[in-house]
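Summary of structural features
So you can see what is in the structure, the chains are spelled out below.
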Amino acid sequence: MNCIIVDDEPLGRKAIQLLIQDTPVLSLCGSFGDAVSAGKFMQASPVDLVFLDIKMPGVNGLEFARMIPSDTLVIFVTAYAEYALDSYEVDAIDYLVKPIEIERFKRAVQKAHTYHSLLKTDNSKNRVESVSANHIFVKAERRYFRIQLENILFIEGLKDYVVIQTPEQRIVTKMNLKSIHEMLPKDVFLRTNKSYIVNSNHIASFDNNDVFIGKYEISIGNSYRDAFFEKFFMKNNPAD
């Protein structure tokens, strides 16, 4: 993947550059101290992935993320953990907090690489065919998949697609998250943030900010928190 770094701190750019150099799937094609310079470069050169700081003078990272092409992935890299939930609002792939741990960086890049491959595949004809009380039919990869609702761990919005995650596979289909949510049982499939719907039956644990489903940790957005917990506790503590 062709990638660039956008960070107003020279030491921050250097740290990411060293990590990129040790990552075979990445090819660094630019490093910029501000969003305007990066934007001009992207107008002339294809970029698959942007490592993007948030707090920068002028155009900040969140603003810049809303301006870049829809097929360009973003990994935020910042010293400010409190912006993590905001990253979902711009469909960021991941959010890394400085100083960056090598293993955490590798996981973020692997996720970006997986989604890059999914987006580069011709998914334009993928679609949800039907939804019943027990299963959903999805056309993907020139086949029809019957997915039992009980097997869906979560559904993630990815640009113009949704990724349906089961224990065995992930299936990409062209649809926005709101549309597919409207087709599913509202007492089971709960929205946790702008980018995720979770199957509440698979929630193993949770705190005020995250739910945990197997190896997956999914954030609860501020604007979704009250509704999520109200529905979750109502489902698990029905009135007598």
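Numbers given for residues are sequential positions, taken from 1 along each chain in its written order. Predicted model: local features are reported for residues with pLDDT of at least 70 only, side-chain atom pairs are reported and counted for 80 or more only, and whole-chain, interface and lining totals are derived from all residues. Excluding hydrogens and water, the side-chain figures rest on all heavy atoms present in the structure.

1. What about the overall build of the chain?
- Comment: elements are numbered from the N terminus, with helices defined as DSSP H or I runs of at least four residues and strands as E runs of at least two. Each helix and strand in the chain was counted, giving seven helices and 16 strands.
- Atoms counted for the radius of gyration: C-alpha only. Globule rule: 2.2 Å times the number of residues to the power 0.38. Here the C-alpha radius of gyration of the chain, 19 Å, is about what a compact globule of 240 residues would show, namely 18 Å.
- On the principal axes, the C-alpha backbone points of the chain span a range of 60 × 40 × 30 Å.
- The buried share of the chain, reckoned over its 240 residues, is 46%.
- For the chain, restricting intrachain contacts to residue pairs at least 6 apart in sequence, the fraction spanning at least 24 positions comes to 51%.
- Accessible surface, the chain: about 12,500 Å² in total, of which carbon and sulfur atoms supply 49%.
- In this tally Asp and Glu are treated as negative and Lys and Arg as positive; neither His nor the chain ends contributes. Charged side chains are reduced to one point each, which is NZ for Lys, CZ for Arg, CG for Asp and CD for Glu. Of the charged side chains in the chain, 28 are positive and 31 negative, and the gap between their average positions amounts to 6 Å. With a 1.4 Å probe rolled over the protein chains alone, any residue whose accessible area is under 20% of its type maximum counts as buried; one over 50% counts as exposed, and the rest are partly exposed. Only heavy atoms matter for contacts: two residues are in contact if any of them lie within 4.5 Å across the pair. Per-residue and other accessible areas follow the Shrake-Rupley method at a 1.4 Å probe size, with only the shown protein chains counted as cover for residues.

2. Describing the pairing of strand β13 (residues 196-199)
- Residues Tyr 196 and Val 198 line one face of β13 and the alternating positions Ile 197 and Asn 199 line the opposite face, and both faces are buried.
- Two strands form a pair only when DSSP identifies at least two bridges running between them. In this sheet, β13 lies alongside strand β12 (residues 189-193) in antiparallel orientation, the contact comprising four bridges. Bridge pairing in β13 places Leu 190 opposite Val 198.
- Hairpin remark: β12 followed by β13, antiparallel, with two residues in the connecting loop.

3. What to know about the sheet that holds strand β16 (residues 216-219)
- In space, the three strands of this open sheet follow the order β14-β15-β16, with antiparallel pairing throughout. Since the sheet does not close on itself, it has two edges, and those belong to β14 (205-206) and β16, each with one partner.

4. Thoughts on the side chain of Arg 191
- If you trace the backbone, Arg 191 turns up in strand β12.
- In protein, a polar contact requires one atom able to donate a hydrogen and another able to accept it; more generally it is a pair of N or O atoms within 3.5 Å, and residues adjacent in sequence count only if both atoms are side-chain atoms. Side-chain polar atoms of Arg 191 contact the backbone oxygen of Asn 193, separated by 3.0 Å.
- Only 2.9 Å separates the side chain of Arg 191 from the backbone oxygen of Lys 194, close enough to count as a polar contact.
- Among all residues touching Arg 191, those that are not within four sequence positions of it are Leu 177, Lys 178, His 181, Tyr 196, Ile 197, Tyr 224 and Phe 228.

5. A short note on the UniProt feature "modified residue: 4-aspartylphosphate" (unreviewed entry) in the chain
- UniProt positions are given in the numbering used here, feature names are shortened, and annotations may be inferred rather than shown by experiment. In the numbering adopted here, UniProt assigns the feature "modified residue: 4-aspartylphosphate" (unreviewed entry) to Asp 53.
- Following the sequence through the fold, Asp 53 ends up in the loop between β3 (49-52) and α3 (61-65).
- According to the relative accessible area criterion, Asp 53 is buried, its value standing at 5%.
- When neighbours within four sequence positions are excluded, Asp 53 is seen to be in contact with Val 6, Asp 7, Asp 8, Gly 61, Phe 76, Val 77, Thr 78 and Lys 98.

6. Quick look at the environment of Pro 167
- Take Pro 167: it is sitting in the loop between β10 (161-165) and β11 (170-174).
- Pro 167 sits 13 residues away from Phe 154 along the chain, and the two C-alpha atoms are 9.9 Å apart.

7. Things to note about the confidence of the model for the chain
- Averaged over the chain, the pLDDT score is 87; the fraction of residues at 70 or greater is 91%.
- pLDDT gives the predictor's per-residue confidence on a scale running from 0 to 100. Strand β1 (residues 2-6) holds the highest mean pLDDT among the elements of the chain, 97, whereas helix α4 (residues 84-88) holds the lowest, 64.

8. Details of the packing of aromatic side chains
- Any two of the Phe, Tyr and Trp rings considered here, Trp counted by its six-membered ring, make a pair once their centres fall within 6.5 Å; the pair's planes then place it as stacked at under 30 degrees, edge-to-face at over 60, or tilted in between. In total, this model carries twelve aromatic pairs according to the counting rule given.
- Centroid distance Phe 206 to Phe 233: 5.9 Å. Interplanar angle 70°. Geometry classified as edge-to-face. Of this pair, Phe 206 sits in strand β14 while Phe 233 sits in helix α7 (residues 225-236), placing them 27 residues apart in sequence.
- For Phe 233, a relative accessible area of 41% translates into the label partly exposed.
- For the pair Phe 229 and Phe 233, a centre-to-centre distance of 5.8 Å together with 20° between the ring planes defines the contact as stacked. Placement of both Phe 229 and Phe 233 in helix α7 is noted, with a separation of four residues, approximately one turn of the helix.

9. So, the sheet that holds β13
- On the basis of which strands lie adjacent, the open sheet formed by five strands has the order β11-β10-β9-β13-β12 and antiparallel pairing. Looking at strand neighbours, the two that pair on one side only are β11 and β12, the edges of this open sheet. Ignoring strand direction, the axes of neighbouring strands in this sheet form an average angle of 25°.
- One ladder, built from five bridges, connects strand β9 (residues 154-158) with β10; its direction is antiparallel. Looking at the pairing, Leu 158 lines up with Tyr 161 of β10.
- Relative to β12, α7 is tilted by about 150°, and along the sheet it contacts β12 and β13. Helix axes are fitted to C-alpha atoms over the stretch in contact, other axes to C-alpha atoms as well, and angles between N-to-C directions run from 0 to 180 degrees.

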